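Here is how the chains run, residue by residue.
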Amino acid sequence: MLRIHNTLSGQLEEFRPLVQGEVRFYYCGPTVWDYGHIGNFRSAIAADVLRRYLKLKGLRVTQVMNLTDVDDRIIAKAREAGKSLDEYTAKYIAAFWEDFDALGCQRPEVAPRATQHIPDMASLVSKLEERGHAYRSDGSIYYRISSFPAYGKLSKINFAGNIAGGSERIDTDKYEKEDARDFALWKAPTKQEEPAWETTIGRGRPGWHIECSAMSMKYLGETFDLHAGGIDLVFPHHENEIAQSEGATGLQFVRHWLHFEHLKVEGETMSKSKGNYYTFRDLTARGFTPAGIRYFLLSVPCRKQLNFTFDALAGAEKTVAGLRDFRARLEEARTEPGRSDELHAATEQALTEFEAGMDDDLNTSVALAAVHELTREVNTALARRTLREDNQREVMAAIERLDSVLNVFGQPQREMLDEEIQKLIDERQEARHRRDFERGDEIRDELAERGIVLEDTKDGVRWKRR
């Protein structure tokens, strides 16, 4: 039974989708103004783990992840670069998907871009006007917060009295408003060259918040199961999404809200001004692997803060290398028929503990602990030569199940040596058999020069490319 902390209720709740066997799930994706940083990808991986676990539970998942390709920052950056919005964002959209794929994330069923859904946003704004939740001022349209008494129910903030918005996304709405708390649904162009669209509600561009409301309800319906995103989005973004969506439909917008905690760098907030801002590409340029980065980013439960250090990332790299080496040794092990009851019990225990951890608010720390305990048990069996055929198949199946969620073991790379190298390996084995160790060492050195590393094990010779 999966239980998730619901930000809306403030409680740990059993997750039950509206339609049995199906999950409709929205994740707030990136604003594509630059390359994705490791904080962005921590959230993306957390959403991926959730998606994968729901599927492991036998649920059919329809996930929507938006790409915000128009906002004040993107407009400013595109203008500086002398490019159109599409020209400017194309590079970063392509880069995001490259990084997303490299990190082993499954792509969502739908990934809508804001600029391709302007009519949907205009239609939603029109409904809000009709219901008295929106008003016009100098060509722009604002949400009237006083018309929605439940405003604040997600963030639990007391909004009594007129308060200025604390978010940059609110502060940049430099238009005339009835109330300082009101936010822009539709922005009139302030400059001739500013991007704008002709719509049924006039010429302009959408506010940030209306984008997710329009796109999520278009693809998932007026009420859906799960909405996830970073903790920084609770207010104002997700609070405003609720006001817009429920104001337009009169129905509950989302049943379960899940928010992922911040990533810190050496205990501090990541920022370019502090010099501690790292994109995924910054880390791979330093030699770290996507698998190591993924392992590190999911190693701490998503609702707890994660502190990034290069030492911790280096440790994650070693751990992943160990897991992949373990998988290769397990597959190559020569076993005798039968089953070890002790190892069978250990395998069953690992699967049980893994699922218990994941069911408890997606506790990946507990899930990974179950994985490592299983590898220790199996390594001991390999060393003692007590691993049997049935255990080997059972453990391999267990790893497949665990890794369908974590995706850190990776698939074994079965490379074929060319004929010349294979002959050298065979010749070395023959030389060792006749105790010509000098020739054996010569062949080992020759192979090493050609990037082939040999490892002599109890089960024979293993090789890998350097």
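Everything that follows concerns the structure shown earlier in this document.
Residues numbered from 1 in each chain as written. Predicted model: local features only at pLDDT ≥ 70, side-chain atom pairs only at ≥ 80, totals over all residues. Heavy atoms only, no water.

Novice: Describe the nonpolar core, listing the residues and the values that go with them.
Specialist: Ranked by size, the top nonpolar core spans 124 residues in total, and within it Phe-25, Leu-54, Leu-185, Phe-308 and Phe-354 carry the most contacts. Here the element with the most residues in this core is helix H1 (residues 38-56); it accounts for ten residues. Sequence-distant contacts of Leu-185, that is, excluding residues within four places in its chain, are made with Val-125, Leu-128, Ala-134, Ile-141, Tyr-142, Tyr-143, Pro-206, Gly-207, Ile-210 and Gln-244. Core analysis: the second largest hydrophobic core is formed by seven residues, Ile-421, Ile-425, Ile-452 and Leu-454 among them. (Core = buried A, V, L, I, M, F, W, Y, C linked by side-chain atoms within 4.5 Å. Buried < 20%, exposed > 50% of the residue type's maximum accessible area, 1.4 Å probe, protein only. Helix = DSSP H or I, 4+ residues; strand = E, 2+ residues; numbered from the N terminus. Contact = heavy atoms within 4.5 Å.)

Novice: Describe the sheet that holds strand S9 (residues 202-206), listing the residues and the values that go with them.
Specialist: Pairing in this open sheet of five strands is antiparallel, and the strands run S5-S6-S7-S9-S8 from one edge to the other. Looking along the sheet, the strands with just one partner apiece sit at the ends: strand S5 (134-137) and strand S8 (197-199). For this sheet the average axis-to-axis angle between neighbouring strands, irrespective of direction, equals 45°. (Pairing = 2+ DSSP bridges. Axes fitted to C-alpha atoms, helices over the stretch in contact; angles between N-to-C directions.)

Novice: Outline the environment of Thr-289, supporting the account with residue identities and numerical values.
Specialist: With respect to the secondary-structure elements, Thr-289 resides in the loop between helix H8 (280-285) and helix H9 (290-298). It is 9.0 Å that separates the C-alpha atoms of Thr-289 and Leu-103, two residues lying 186 residues apart in sequence. A polar side-chain atom of Thr-289 sits 3.0 Å from the main-chain amide nitrogen of Gly-292. (Polar contact = N/O pair within 3.5 Å; in protein donor to acceptor, adjacent residues only side chain to side chain.)

Novice: Residue-level account of the packing of aromatic side chains, with values.
Specialist: This model, assessed by the stated rule, comprises 18 aromatic pairs. An angle of 80° between the planes, with centres 5.2 Å apart, marks the rings of Tyr-278 and Phe-310 as edge-to-face. Of the two residues, Tyr-278 sits in the loop between strand S13 (268-269) and H8 while Phe-310 sits in helix H10 (residues 310-332), which places them 32 residues apart along the sequence. Given the relative accessible area of 12%, Tyr-278 is considered buried. Clustering of aromatic rings is evident, with ring pairs tying together Phe-41, Phe-96, Trp-97, Phe-100 and Phe-280. The lysine or arginine in question, Lys-218, covers the ring of Tyr-219, its NZ or CZ lying 5.8 Å from the ring centre. Above the face of the Tyr-277 ring, Lys-272 is positioned so that its terminal group lies 5.0 Å from the ring centre. (Phe/Tyr/Trp six-rings, centres within 6.5 Å; stacked < 30°, edge-to-face > 60°. Lys NZ or Arg CZ within 6 Å of the ring centre and 35° of its normal.)

Novice: Give a detailed account of the sheet that holds strand S14 (residues 306-308), specifying residues and quantitative values.
Specialist: Here we have three strands laid out as an open sheet, ordered S13-S12-S14, and mixed in their pairing. Sheet topology places S13 and S14 at the edges, where each strand pairs with a single neighbour. Bridge count between strand S12 (residues 263-265) and S13: two bridges; the pairing is antiparallel. Paired with Lys-264 across the strands is Thr-269, a residue of S13.

In short, shape yes, function no, at least from these values alone.
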